[in-house]
Amino acid sequence: MAEIPLKPTGREEIRKLESALLVMSLFDKETLEAIKDPATRVTWVDSLYTAAAALARERAGIPTSKIAEELGVTEATVRRHLKGETRAGQLVKKVYDRLSKEGFKVELPTELAEECTKQITELKDKIEKVKKALAEIQSWL
């Protein structure tokens, strides 16, 4: 992924920062736990998006009133996210700090990483079987 601007200067850079914050936040352990509950999943993800979008725009120097207008939320909502008064705001700020220190980095939770590794191994085994079967068919020709 291209360099993520920590202080964006235009719409494209705001979009890059906003996207990085959202993706990194979505793979955070706290988020993965929160979205397990279907009753709060949509609200939680929407809150994360709003917090990420607000922080990216705030870092670009856009005033709170304009951020609220662009995101279709109240100025109070934007301020709460930016001050870390919401869980989503706190998480996005934590992710921004991590992004500024480590760069863009998404880590899968251990269980998910293990499941992915298992599936990759199974797929590699299947590919090998198909290759052997093709080689056998070719030998008959």
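Residues numbered from 1 in each chain as written. Predicted model: local features only at pLDDT ≥ 70, side-chain atom pairs only at ≥ 80, totals over all residues. Heavy atoms only, no water.

**Considering the packing of aromatic side chains**
Counted only if it meets this: Pairing of aromatic rings covers Phe, Tyr and the six-membered ring of Trp, with a centre-to-centre limit of 6.5 Å; geometry is then stacked below 30 degrees between planes, edge-to-face above 60, and tilted otherwise. Two thresholds decide whether a charge sits over a ring: the Lys NZ or Arg CZ must be within 6 Å of the ring centre and within 35 degrees of the ring normal.
Counting across every chain of the model gives 0 aromatic pairs. Positioned above the aromatic ring of Tyr96 is the side chain of Arg59, whose terminal nitrogen or guanidinium carbon lies 4.4 Å from the ring centre. Directly above the ring of Trp44 sits Arg87, whose terminal nitrogen or CZ lies 4.7 Å from the centroid.

**Quick look at the packing of helix α4 (residues 64–71) against helix α5 (residues 75–82)**
How we decide: As a rule, the C-alpha atoms of each element are fitted with a line to give its axis, helices using only the stretch in contact, and angles between N-to-C directions run from 0 to 180 degrees. Note on conventions: DSSP H or I runs of at least 4 residues are helices, E runs of at least 2 residues are strands, and numbering of each starts at the N terminus. In what follows, roughly perpendicular refers to angles from 65 to 115 degrees, roughly parallel to angles under 35, roughly antiparallel to angles over 145, and oblique to any angle outside these ranges. Contacts are assigned to residue pairs with any non-hydrogen atoms lying within 4.5 Å of each other. By the convention adopted, Pro, Cys, Tyr, Trp, Phe, Met, Ile, Leu, Val and Ala count as nonpolar, Lys, Arg, Asp and Glu as charged, and the other residues, Gly among them, as polar.
Interaxial distance between α4 and α5 falls to 8 Å at its minimum, and their mutual angle equals 110 degrees. Classified by the angle their axes make, α4 and α5 are roughly perpendicular. Contacts between α4 and α5 involve Thr64, Ser65, Ile67 and Ala68 from the first element and Glu75, Val78 and Arg79 from the second. Classifying every residue of the contact of α4 with α5 gives 3 nonpolar, 2 polar and 2 charged.

**Points about the domain arrangement of the chain**
Convention followed: The start and end points of each domain follow an automatic or database-based domain assignment.
Domain assignment breaks the chain into domain 1 (1–106) and domain 2 (108–140). Summarising the inter-unit geometry, the C-alpha centres of domain 1 and domain 2 are found 38 Å apart.

**Thoughts on the nonpolar core**
This is how the line gets drawn: Put simply, a nonpolar core is a bunch of buried Ala, Val, Leu, Ile, Met, Phe, Trp, Tyr and Cys residues held in one set by side-chain atoms that sit within 4.5 Å of each other. Only protein chains enter the accessibility calculation, which uses a 1.4 Å probe; a residue is then buried when its area is under 20% of its type maximum, exposed when over 50%, and partly exposed in between.
Counting 29 residues, the largest nonpolar core has Leu17, Leu21, Trp44, Leu48, Val92 and Leu99 as its most contacted members. Breaking this core down by element, the ones donating at least two residues are α1 (11–26), α3 (41–59), α4, α5 and α6 (87–102). Of all the elements, α3 adds the most residues to this core, at 8 residues.

**Remarks on the pattern of salt bridges**
When charged atoms on two side chains of opposite charge get close, those side chains can pair. Worth spelling out the cut-off: A pairing counts as a salt bridge when a side-chain nitrogen of Lys or Arg comes within 4 Å of a carboxyl oxygen of Asp or Glu.
For the coordinates displayed, the defined rule picks out 9 salt bridges. We note a salt bridge from Glu12 to Arg15, for which the minimum N-O separation is 2.5 Å. Here Arg15 and Glu12 lie together in helix α1, a separation of 3 residues that amounts to about one turn. Judged by its relative accessible area of 42%, Arg15 is partly exposed. The partner of Glu18 in a salt bridge is Arg57, with the nearest N and O atoms 2.5 Å apart. Pair noted here: Glu18 is in helix α1 and Arg57 is in helix α3, with a separation of 39 residues, a long-range link. Accessibility assignment for this pair places Glu18 and Arg57 in one class, buried. Through salt bridges with shared partners, a single ionic network connects Arg11, Glu18, Arg57 and Glu70.

**Comments concerning the packing of α3 against α6**
Operational definition: Two helices that cross are described as forming a left-handed crossing if the nearer one is turned anticlockwise from the farther one by less than a right angle, and a right-handed crossing if clockwise.
The contact between α3 and α6 brings their axes to 8 Å, and the two run at 50 degrees. Here α3 lies oblique to α6, going by the angle between them. For the pair α3 and α6, the sense of crossing is right-handed. Here Trp44, Ser47, Leu48, Ala51, Ala52, Leu55 and Arg59 of α3 come into contact with α6, specifically with Arg87, Ala88, Gly89, Leu91, Val92, Lys93 and Tyr96. Of the residues belonging to the contact of α3 with α6, the class tally is 9 nonpolar, 2 polar and 3 charged.

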